[in-house]
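An overview of the molecular structure
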Amino acid sequence: MTPQTTPQARRIWVFIEQEDGAPHPVSWELLGAAQRLAAELDAGHAVVEGVLLGHQVEAIAQEAFRYGARRVYLMDDPVLAVYRNLPYAAGVSQLVQSYQPEIFLVGATTLGRDLASAIATRVQTGLTADCTELTIDPKQGILAATRPTFGGNLMATILCRQRRPQMATVRPRVLPMPEPLAEAAGELIHAPLGMAEEEVPVKRLRLIPGQQQLNLEYADVIVAGGRGLGGPDGLPLLEELAQALGGVLGVSRPLVDAGWVSAEHQVGQTGKTVRPKLYIAAGISGAVQHRVGMSGADFILAINSDPQAPIFQVANLGIVGDLYQVVPELISQVRALQGGDDHVR
Ligand SMILES: Cc1cc2nc3c(=O)[nH]c(=O)nc-3n(C[C@H](O)[C@H](O)[C@H](O)COP(=O)(O)OP(=O)(O)OC[C@H]3O[C@@H](n4cnc5c(N)ncnc54)[C@H](O)[C@@H]3O)c2cc1C
């Protein structure tokens, strides 16, 4: 179980999240960030390592190597087949105490948020949640974790000076996805969980499948609507455009607050961070809390009746007009192109 490194190795850990044997891509985004941090921290001694828990998930470790993990600590146990806070938090905390990583990054997913806070509590360290930037403070040589505060109007950089590991969560799509290596080898360290099923009071009795996952964060095309729609009746129009483009529906927060649509569609600071190839914002003013979630899009098309709307500052292309005139026209042009109608092309 002892990894072949010098005791001086400065470990940067990434939690490799998986469910039902499928790794969450935020794990790879975090491995990319961890490699940058390792270079900034101590190129000679800092080492990027993954922590993987589950049952029969060893193959995921191979993927982690391709995304830059030099070593993966694997706890493979039937007790870990389904995520439950107690055995996962106990298992990871055990590893933290044994190997004493300096930095520990976790995806700010539903699972990751639940787990990271439990680990931080168990090992009595600080946790900076929902970071948008991670660097090494050059003077102090420790993690500088930046996140929005005061309703997104200020960015705060938080240092954890006394406790270890320095923990941070980052939402999916906030960090760029690194290119995986075609082939890579790493060291696999098997670690026992040491907890029997009888010790876990929470049981999964049955699984009630939810609706199909929307996967807004990883969509290539998003057609998003805002309060400019005037009411929920406008949403099917945007859904039609999204469908024509093979995309999904996004919204600004007031639509969720008003109960027009479920929160899984919300883009922004308190919603999802997205990086689509095309983001169409219709009737969205472009408040900073919305922009922080979508400004990483490759191409932004904004449709707004107010030429002064801030959304135009981040848009690659802007159409000043009533969305109820512009969107139907876009739908018919897209459909005509798909139907091979020459005179439209
Ligand atoms: C702590 C905090 C967190 C927040 N988190 C989020 C978040 O995650 N996501 C988010 O989106 N917001 C968030 N907000 C809210 C944010 O500040 C804005 O209030 C919100 O984004 C505004 O939504 P909107 O652009 O749809 O509405 P508005 O600001 O009301 O804009 C509507 C726009 O529609 C245009 N319009 C009107 N009619 C038409 C028409 N017929 N055709 C075309 N254009 C038209 C108007 O010119 C206007 O620009 C947060 C706020 C706080 C304080």
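Residues numbered from 1 in each chain as written. Predicted model: local features only at pLDDT ≥ 70, side-chain atom pairs only at ≥ 80, totals over all residues.

1. Thoughts on the overall build of the chain
From N to C terminus, the chain includes nine helices and 17 strands. For 345 residues, the compact-globule estimate of 2.2 N^0.38 gives 20 Å, and the chain sits close to it at 22 Å. In terms of overall dimensions, the chain has a C-alpha envelope of 70 × 50 × 40 Å along the principal axes. Excluding contacts between residues fewer than 6 apart, the proportion of contacts in the chain whose partners are at least 24 apart in sequence is 64%. (Helix = DSSP H or I, 4+ residues; strand = E, 2+ residues; numbered from the N terminus. Rg over C-alpha atoms; globule rule 2.2 N^0.38 Å. Contact = placed C-beta atoms within 7 Å.)

2. Re the pairing of strand E16 (residues 299–304)
Taken together, the five bridges between strand E15 (residues 278–282) and E16 define a ladder with parallel strand orientation. Paired with Tyr279 across the strands is Ile300, a residue of E16. Taking the sense of rotation as the criterion, the β-α-β connection linking E15, helix H7 (residues 288–294) and E16 turns out right-handed. Pairing of E16 with strand E17 (residues 317–320), which is carried by four bridges, proceeds in the parallel orientation. Among the inter-strand pairings, Asn304 is bridged to a residue of E17, identified as Val320. (Pairing = 2+ DSSP bridges. Right-handed = clockwise from strand over helix to strand, strands pointing away.)

3. Re the sheet that holds strand E1 (residues 10–16)
By way of backbone hydrogen bonds, the strands of a sheet pair with one another, either parallel or antiparallel. Spatial ordering of the open sheet is given by E7-E11-E6-E1-E4-E5-E12, a layout of seven strands whose pairing is parallel. Each end of this open sheet is capped by a strand with a single partner; those strands are strand E7 (127–131) and strand E12 (187–190). When strand polarity is set aside, the average angle formed by the axes of neighbouring strands in this sheet is 20 degrees. The pairing of strand E6 (residues 103–107) with strand E11 (residues 166–170) spans five bridges and is classified as parallel. Opposite Gly107, over in E11, you have Val170 as the bridge partner. Sheet strands in contact with helix H1 (residues 26–42) are E1, strand E4 (46–54), E6 and E11, and its direction is about 170 degrees off that of E1. Taken strand by strand, helix H4 (residues 110–123) contacts E1, E6, E7 and E11, and its axis lies near 170 degrees from that of E11. (Axes fitted to C-alpha atoms, helices over the stretch in contact; angles between N-to-C directions.)

4. Focus on the domain arrangement of the chain
With domains assigned, the chain is organised as domain 1 (10–199) and domain 2 (216–338). Centre-to-centre separation of domain 1 and domain 2, based on C-alpha positions: 33 Å. Opposite the nine residues of domain 1 that make contact, domain 2 presents nine residues. For the side of domain 1 that touches domain 2, the per-class residue count stands at four nonpolar, three polar and two charged. (Domains from an automatic or database assignment. Nonpolar A, V, L, I, M, F, W, Y, C, P; charged D, E, K, R; others polar.)

5. Here we look at the sheet that holds strand E9 (residues 142–149)
Read from one edge to the other, the open sheet built from three strands follows the order E8-E9-E10, with strand pairing classed as antiparallel. Edge positions in the open sheet fall to strand E8 (133–137) and strand E10 (154–158), since each of these has one partner strand only. Adjacent strand axes in the sheet meet at a mean angle of 30 degrees, parallel and antiparallel pairs treated alike. One ladder, built from five bridges, connects E9 with E10; its direction is antiparallel. Paired with Ala145 across the bridge in E10 is Ile158.

6. Regarding the site of the ligand
Around the ligand, a shell composed of 29 residues is seen, among which Gly226, Gly228, Ser252, Gly268 and Ser285 lie nearest. Elements with a minimum of two residues in the shell around the ligand: helix H6 (253–257), H7, E16 and helix H9 (323–338). Residue contributions to the shell around the ligand peak at three residues, all from H7. Of the residues in the shell around the ligand, the class split is eight nonpolar, 17 polar and four charged. (Near = placed C-beta within 6 Å.)

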